[in-house]
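Here are the chains, one letter per residue:
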Amino acid sequence: MSGARDAVEGLVASAWRNAVGRVPASVDDDFFALGYTSLDASALMAHLREAVGRKVPLRVVFETPTIAGIARQLRSADDGWRERYAYRLHAGPAGGVPMVLAPGTSGTLGWISALADERLGRPVIGLVSRGSYAEAAPLQTMPEIADHLLAALAAEGVTGPVHLVGSCVGGLASIEMAARAGAHGLQAASVTLLNGSFQPEQLTVAQRLQHRLDDIRRMAGLPQLGEASDARAQEQIRQLFEQVVGSPRIVEATFDEFAARVMVYVHNWHAAAQYQPRTVAVPLAVVYTAGDEDEVGLQQWRALNPPRFHAQPVDGLAASDVGRPEVIETLAALFSSYDEELSRDV
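Read on for an overview of the structure. This is a predicted model, so every value here is computed, not measured.

## Quick notes on the overall build of the protein
- Of regular secondary structure, the protein possesses 11 helices and 7 strands.
- The 346 residues of the protein split such that 54% are buried.
- Within the protein, contacts between residues at least 6 apart in sequence are counted, and of these 73% link residues at least 24 apart.
- By element, 50% of the accessible surface of the protein is carried by carbon and sulfur atoms, the whole surface being about 14400 Å².

Right, here's the structure in full:
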């Protein structure tokens, strides 16, 4: 499936995968047209209820039997669930050390949600950045981002050790979370970076905003416009929203939600550019596309002096590859070895 376009579609896609074993090619594919039954629909809703922590009526999948449609109904719900920042994407066995997926640059999980796979044999929890629901301003620094994500885990009732996984901004957030976990009553058992290289340019917030608006225009097939500025940010975002609303590449949303996602992306990038990773006191792994040893910066990560460092190449780690058996099996083996170390230390 082409990547989920926001946190809510990512949750629905994970529940869909857990219910029937795979996700559709498109967020607009019809659940029942693909051959699934009402029993499958019940399983889908059960997994979705588990993820969002609230009752989701079965009628939702019958009324709008697509990922996009189910997500749209969830977004319209007015009961406060959207302001949660931690979601249980897969239950896993009781007592298993959870894998925690840090949000990417967009503030949501996107393609990394494909890692919520029962073959890992453990609970999987996904995190969302503050500001993603237009409920608050985006955070400005990586320590602030890490503290917010750790607080979200604690609010979800997570205790004990966790395996932290992230890509791009999420990888850096995972490193900072590992350093700050103790202050939140948590323990980082390990950090895993996916395609680890991440050295963003030193740009101003206005320049970063310009890049993001240009990216959205390209996705929507629109021409590039003038230079963005802090003073005109909301005006330029609104102009773009009015142009792209209804585009198949852009989620239907209110202007406030659209603007929030743009600014979360901008500030996450900016926070990452200002961040200098500290020494890592837990096992650190980099899982990367074979042949990209130089690009992923293995020496940079090894220089953080983790107690154990592991570099694992796989045959492709693009968005469409992340749920492949090779990737899942690699992570499962890593986490099992870390769990053994934890049990010896008890």
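## Looking at the side chain of Ser174
- With respect to the helices and strands, Ser174 occurs in helix α6 (residues 169-180).
- A residue is classified by how much of its surface remains accessible, and Ser174, at 0% relative accessible area, is buried.
- A distance of 2.8 Å separates a polar side-chain atom of Ser174 from the backbone oxygen of Gly170.
- If near-sequence neighbours (up to four positions away) are discounted, Ser174 is found in contact with Ala102, Leu164, Val165, Gly166 and Val191.

## Re helix α8 (residues 233-244)
- Given a rise of 1.5 Å per residue, 12 residues ought to cover 16 Å, and the 16 Å separating the end C-alpha atoms of α8 matches this to within 8%.
- Where α8 is concerned, the buried positions are Ala233, Gln236, Ile237, Leu240, Phe241 and Val244. One face of α8 carries all of its buried residues, which in axial projection span an arc of 140°.
- Of the surrounding secondary structure, the elements contacted by the buried residues of α8 are α7 (205-219) and α9 (255-274).

## So, the packing of aromatic side chains
- Under the defined criterion, the tally for this structure stands at 5 aromatic pairs.
- Seen from their ring centres, Phe241 and Phe258 are 5.3 Å apart, and the 50° between their planes marks the pair as tilted. Note that Phe241 is positioned in helix α8 and Phe258 in helix α9, a separation of 17 residues in sequence.
- Residue classification places Phe258 among the buried positions, given a relative accessible area of 4%.
- A centroid spacing of 6.1 Å and a plane angle of 35° characterise the contact between Tyr265 and Trp269, whose relative ring orientation is tilted. Of this pair, Tyr265 and Trp269 both sit in helix α9, 4 residues apart, which is roughly one turn of the helix.
- Cluster of aromatic residues (ring-pair linked, three or more members): Trp16, Phe31, Phe32 and Tyr36.

## Points about unusual backbone geometry
- Of note, Cys168 is a non-glycine position whose phi angle comes to about 55°, a positive value.
- With respect to the helices and strands, the residue Cys168 is situated in the loop between β4 (160-167) and α6.
- Overall, the relative accessible area of 33% leaves Cys168 in the partly exposed class.
- In this structure, Asn305 takes a positive phi of about 55° despite not being glycine.
- Position of Asn305 among the secondary structure elements: in the loop between α10 (298-302) and β7 (309-314).
- Exposure remark for Asn305: the relative accessible area of 56% places this residue in the exposed category.

## Re the pattern of salt bridges
- One pass over the full model with this rule turns up 9 salt bridges.
- Between Arg180 and Glu176 there is a salt bridge; the shortest N-O distance is 3.0 Å. Pair noted here: Arg180 and Glu176 are both in helix α6, with a separation of 4 residues, about one helical turn.
- Overall, the relative accessible area of 24% leaves Arg180 in the partly exposed class.
- Given the relative accessible area of 0%, Glu176 is considered buried.

So, how was this worked out
Residues numbered from 1 in each chain as written. Predicted model: local features only at pLDDT ≥ 70, side-chain atom pairs only at ≥ 80, totals over all residues. Heavy atoms only, no water. Helix = DSSP H or I, 4+ residues; strand = E, 2+ residues; numbered from the N terminus. Buried < 20%, exposed > 50% of the residue type's maximum accessible area, 1.4 Å probe, protein only. Contact = heavy atoms within 4.5 Å. Areas by Shrake-Rupley, 256 points an atom, 1.4 Å probe, with all protein chains shown as cover. Polar contact = N/O pair within 3.5 Å; in protein donor to acceptor, adjacent residues only side chain to side chain. Expected span 1.5 Å × (residues − 1). Arc of directions from axis to C-beta. Phe/Tyr/Trp six-rings, centres within 6.5 Å; stacked < 30°, edge-to-face > 60°. Salt bridge = Lys/Arg side-chain N within 4 Å of Asp/Glu carboxyl O.

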